[in-house]
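# Residue-level structure breakdown
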Amino acid sequence: MAHIPTISLIKGDGIGVDVAESAFAVMDTALLRCGAIAPKVQEIAAGAGYFAQTGLDIEPGGEEKAGEADAIFLGAIGLPSIRQEDGTEVSPHLRLRDRYQLYAGVRPIKAYPNAPQRLADPRAAGIDMIILRESTEGLFYSAAVHKRSEIIPNVEVRDIMRITRATTEKLHEFGFKLAEKRRARGKSGNLTCVDKANVFTSQAFFRQIFDETKVRYPDVNVSYNYVDAMALDLVRQPWNFDVMVMENMFGDILSDLAGGLVGGMGMASCGEIGETIGLFQPAHGSAPDIMGQDKANPLAAILSAGLMLDYIATKTQTENYEAAGALIDAAVDAGFAQNRLRPMEFGGDMGTIAVTEELIKIIGELPK
């Protein structure tokens, strides 16, 4: 009997609920169109709303249950009005990253026709790159949810930037293999190491491991950029980059900057990959100001579902899952090219439901 993939679904807070439901509606359509078996979905309650009701940020046993699946899908977590006692937001997803060592944060950045172009240079229409963000350590090692900071109450707080050989070697290996895959698909396949090696010993170590890894990939073109210069270059010449690998906090900041170049966070998909499981989510927040108003752009979540299908295909060899993920990508491309996807986020006339329904129609029209 064929393996039936299992997905742990955490809808979370705010627009996370709406965009997660959109993503699964589109995903189910693509799977059906490609003749793929439907996954089993187990829903897990978590987030700020759940915390307000129960005092827990995830249901009892939820962390363990999430990891029993082939993949985890997350809508969005957090509401600014609901905080922990120390003032930080509710963030159980950071514990999931840490628990399952989801070290490779893949953030695709792609420009689409008829979507906003923030840069005047015509080359910006061809932006197609990936920020590869280490997702378990770096400065986020001291994230409040982990309780690792050194705190002198009301006097001083010391956070740690942690760079380990074990995790960084895995990250750079992932980066070089991703660059090879990109080149095989017609991209430049250049891999840029983004760091602050001129100031921090931890970052010099990050670059050292990059250099050790590149010896095993002589056909991959590499370059280097300090993170501040990288921020400048993402505005000045983003079309010259393909895959960029960096520490956790640097990736958190630069992926938002890069998302702004191609329209906004409503297009920012994300996969966080570990050795045993991957978590997929839109990179945007819960946007409580528009929750329940049918205004959210669901495309980041939908594109994240496409990434998840590709991951599940590689992990489980489930037939036609890769084709279904590719069909979602092709439908988004076609929808923008034909001006059939006009999210309100970009000043268009289509809310969450309309974008979802139109994308489902497009999937039905495209060849498998």
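Attention here is on the structure that accompanies the text. (Residues numbered from 1 in each chain as written. Predicted model: local features only at pLDDT ≥ 70, side-chain atom pairs only at ≥ 80, totals over all residues. Heavy atoms only, no water.)

### Observations concerning the overall build of the protein
Looking only at helices and strands, the protein has 11 helices and 12 strands in total. In terms of C-alpha radius of gyration, the protein reaches 20 Å, essentially the compact-globule figure of 21 Å for 368 residues. In terms of overall dimensions, the protein has a C-alpha envelope of 55 × 50 × 50 Å along the principal axes. Every one of the 368 residues in the protein was classed for burial, and the buried ones make up 54%. Restricting to contacts in the protein with at least 6 residues of sequence separation, those with at least 24 account for 76%. (Helix = DSSP H or I, 4+ residues; strand = E, 2+ residues; numbered from the N terminus. Rg over C-alpha atoms; globule rule 2.2 N^0.38 Å. Buried < 20%, exposed > 50% of the residue type's maximum accessible area, 1.4 Å probe, protein only. Contact = heavy atoms within 4.5 Å.)

### With respect to the sheet that holds strand β9 (residues 222-226)
Spatial ordering of the open sheet is given by β2-β1-β3-β12-β11-β4-β5-β10-β8-β9, a layout of 10 strands whose pairing is mixed. Two strands close off the open sheet at either side, each with one partner strand: β2 (40-43) and β9. Strand after strand, the sheet turns through a mean of 25° between neighbouring axes, direction not considered. Alignment of strand β11 (residues 271-273) against strand β12 (residues 278-280), held across three bridges, turns out to be antiparallel. (Pairing = 2+ DSSP bridges. Axes fitted to C-alpha atoms, helices over the stretch in contact; angles between N-to-C directions.)

### Focus on the pairing of strand β10 (residues 243-246)
Of the two faces of β10, the one lined by Val-243 and Val-245 and the one lined by Met-244 and Met-246 are each fully buried. Summarising the sheet, strand β5 (residues 128-134) and β10 pair through four bridges and their orientation is parallel. Bridged to Arg-133 within β10 is Met-246. As judged from the three bridges shared by strand β8 (residues 191-195) and β10, these two strands associate in the parallel manner. Note on β10: the bridge partner recorded for Leu-191 is Val-243.

### So, the nonpolar core
One finds Phe-73, Leu-299, Met-308, Phe-336 and Leu-359 to be the most contacted residues of the largest nonpolar core, which totals 65 residues. Among the elements that make up this core, the one with the highest residue count is helix α9 (residues 299-316) (10 residues). Setting aside residues no more than four positions away along its own chain, Leu-359 makes contact with Val-26, Leu-299, Ile-302, Ala-331, Val-332 and Leu-341. Membership of the second largest hydrophobic core comes to 20 residues, among which are Ala-111, Leu-119, Ile-127 and Met-129. (Core = buried A, V, L, I, M, F, W, Y, C linked by side-chain atoms within 4.5 Å.)

### Regarding the packing of aromatic side chains
Applying the stated criterion across every chain, the model contains eight aromatic pairs. Between Phe-210 and Tyr-224 the ring centres are 5.5 Å apart and the planes differ by 75°, which places this aromatic pair in the edge-to-face class. Remark: Tyr-224 occurs in strand β9 and Phe-210 occurs in helix α6 (residues 201-214); sequence separation between them is 14 residues. Judged by centre distance (6.5 Å) and plane angle (40°), the rings of Phe-336 and Phe-346 are tilted. With Phe-336 in helix α10 (residues 321-337) and Phe-346 in the loop between α10 and α11 (352-365), this pair connects stretches of sequence that are 10 residues apart. No difference in accessibility class separates Phe-336 from Phe-346, as the two residues are buried. Ring-pair connections join several aromatic residues into one group, and the members of that group are Phe-176, Phe-210, Tyr-217 and Tyr-224. The side chain of Arg-133 reaches across the aromatic face of Phe-140, ending 4.9 Å from its centre. (Phe/Tyr/Trp six-rings, centres within 6.5 Å; stacked < 30°, edge-to-face > 60°. Lys NZ or Arg CZ within 6 Å of the ring centre and 35° of its normal.)

### Here's the deal with empty space enclosed by the protein
Taken as a whole, this structure holds one cavity of 30 Å³ or more when the rule is applied. Computed from the structure, the largest cavity encloses a volume of approximately 50 Å³. As for the largest cavity, its lining consists of Leu-94, Arg-97, Asp-98, Ser-135, Thr-136, Phe-140, Ala-143, His-146 and Asn-248. When its residues are assigned to classes, the lining of the largest cavity shows three nonpolar, four polar and two charged. (1 Å grid on protein atoms, 1.4 Å probe; cavity = no way out; pocket = protein on both sides within 12 Å on 5 of 7 lines; lining within 4 Å. Points joined across faces, edges and corners; volume = space filled by probe spheres on them. Nonpolar A, V, L, I, M, F, W, Y, C, P; charged D, E, K, R; others polar.)

### Focus: the environment of Asn-225
With respect to the secondary-structure elements, Asn-225 resides in strand β9. Judged by relative accessible area, Asn-225 falls into the buried class, the value being 11%. Beyond its immediate stretch of four places on either side in the chain, Asn-225 contacts Thr-192, Cys-193, Val-194, Asp-195, Met-230, Asp-233 and Phe-241.

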